[in-house]
Amino acid sequence: MKKPLIAFAVLSAFAATASAQSSVTIYGSIDAGIRNVTNVNAAGDSKLVMGGTSPGATGNGISNSNRLGFKGVEDLGGGMNAHFVLESGFNTGTGTSDSAAMFNRSAFVGITGEFGNLDLGRQYSLAFKTIGTYDPFSFKFPSITSPVAGVALFYPAAATRFNNDVQYTAILSGVKVSAEYSFGEQAGDIGKNSVKSVAATYATGPFNFGGTFMSGDINGYRNKYYTVGGAYKESGVRVSFGYVKEIQETLSKVDSEQKSYWGGVSYAISPQVELTGAYYVTKATVAKIDSDRKNLVLAATYSLSKRTNFYVEADNRKLTNALTALPLTLSSGSINTGTQNGLSIGINHLF
C-alpha cells in the first residue's frame, strides 16, 4: 500500500497549490455491508461475507465499487481544457488495494474543445458507458447483476475497461457519437489483441437510447460484440431495457455466442427512498453446449443525505450448465446447475 499512499500525498499537495485556472479534486466511494449467498458449493453450503458482491468476493463494495480517485481540469482558454483521471479500487474489509495496478480503475488524460473530446489511457469502454444509460441499476450492485452490465463473456471483464485505449467523442445534431481503439501492442501484428468500437446515444425529453458495436481480436481469433437499449423516466419512475450479443471465433471454427437481455423499473417513493427491480437473462453456447442464467434482483435505498445511503438487496439466480464466468458449481449434481439466493445489507458513502 506504500505506492497508493505516496500518490495520495503527492496529488493532495498538488490540489492544495492548484491555480485559479485549474483544479484537482479528490473523490471516492466507500461501501461496506454484509452479504449471504446460498448454495455456493457442491455441498450446498451458504457463505456470509463482508462487502462481497459475488459468492467468492469480499470487501470490494456491494452496492457501489470502492474507489479513491483524483481528477483535474485546466482551463486552456478559447473553450478548451485539459483533464485527467486517476482512480484505484480498494477492499473495505481489509483496507488493501484490490489490484496490483496502482490505478486499476482509470488512468487517462485528455483534451476537450469545440472539436469534441479526446482521451488516452486506461478507461471505461464505450460499451460500458453506453449500457450505463439503460442499465436498471445504473451499475449499482455491479457483480450481482453481471455479466450483463457491460462485461463481455469471452473478454474477461474487458468490455468494462481497456488498457492502451484512445476515445474520441463529439455531439452531432444532438446525437453523442464516439469512436474507440485499444492497442494490442503485439510485435508484427497491429491487429492482434486490439479492439475497435463505435457508439451513439441520444436523449430527448424523458427518453434516451443508445448502442455500441465492438470488434476485437483475442489471441488471433475475432470477437464481435454489440449492445442496444433505452430508458424512459417520468415522475420518479424509470423504465429501462437492454440487449447484448457477443460472438467469439474459436480454434475449432465453431463460434461461441452469448446473448443477454434485461428490463427493470425503479420508483422514487420519496426524495429519500427508492425501489428498483430488474430481471436479467443470459444465454450462451460454447463448444455446442447451451447454458443460461436467469437473475432477479430487487433493492431498496434510503438516503440519509446526498452522499450517504443505506441499502438492502435480494436476488435469486437460476442456472443451467452455467459457464465458469458465472457462479460456482452447485449442489444439484449437474455442473453449475441450480438456484442461488442472495441477501445484502449495507451503507455507502460518497466523498
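The preceding data block contains the structure.
Residues numbered from 1 in each chain as written. Predicted model: local features only at pLDDT ≥ 70, side-chain atom pairs only at ≥ 80, totals over all residues. Heavy atoms only, no water.

Novice: In this structure, what is going on with the packing of aromatic side chains? I would like to understand it.
Specialist: Centre distance and the angle of the planes are the two values used to describe a pair of aromatic rings. Here the structure, examined in full by the defined rule, presents 10 aromatic pairs. Ring centres 5.7 Å apart and planes at 85° place the aromatic pair phenylalanine 141 and tyrosine 311 in the edge-to-face group. In this pair, phenylalanine 141 sits in the loop between α2 (126–131) and α3 (142–145) while tyrosine 311 sits in strand β16 (residues 308–320), placing the two residues 170 residues apart along the sequence. For the residue pair phenylalanine 141 and tyrosine 311, the accessibility class agrees, reading buried in each case. Where phenylalanine 207 meets tyrosine 232, the ring centres are 4.7 Å apart and the plane angle is 50°; that geometry is what we call tilted. Highlighted residues: phenylalanine 207 in strand β10 (residues 207–218) and tyrosine 232 in strand β11 (residues 221–234), separated in sequence by 25 residues. When its relative accessible area of 38% is taken as the criterion, phenylalanine 207 is described as partly exposed. Residue classification places tyrosine 232 among the partly exposed residues on the basis of a relative accessible area of 30%. Through pairs of rings, three or more aromatic residues link up here, namely Tyr124, Phe128 and Phe139. (Phe/Tyr/Trp six-rings, centres within 6.5 Å; stacked < 30°, edge-to-face > 60°. Helix = DSSP H or I, 4+ residues; strand = E, 2+ residues; numbered from the N terminus. Buried < 20%, exposed > 50% of the residue type's maximum accessible area, 1.4 Å probe, protein only.)

Novice: Would you explain the nonpolar core in this entry?
Specialist: As a rule of thumb, nonpolar side chains are buried together in soluble globular proteins. Among the nonpolar cores identified, the biggest contains 22 residues, and Ile131, Phe137, Phe141, Met214, Tyr225, Trp262 and Tyr280 are the most heavily contacted of them. Looking at this core, the elements that each hand over two or more residues are α2, β14 (273–286) and β15 (289–303). A per-element tally of this core places α2 first, with three residues. (Core = buried A, V, L, I, M, F, W, Y, C linked by side-chain atoms within 4.5 Å.)

Novice: What is the right way to look at the side chain of threonine 212 in this model?
Specialist: Examined against the element boundaries, threonine 212 turns out to sit in strand β10. Looking at threonine 212, its side chain comes within polar contact range of the side chain of threonine 130, at 2.7 Å. (Polar contact = N/O pair within 3.5 Å; in protein donor to acceptor, adjacent residues only side chain to side chain.)

Novice: I'm lost on the environment of tyrosine 280 in this one. Help?
Specialist: Residue placement: tyrosine 280 occurs in strand β14. It is 7.3 Å that separates the C-alpha atoms of tyrosine 280 and serine 260, two residues lying 20 residues apart in sequence. Among the polar contacts listed, one links the side chain of tyrosine 280 to the side chain of aspartate 135, at a separation of 3.0 Å.

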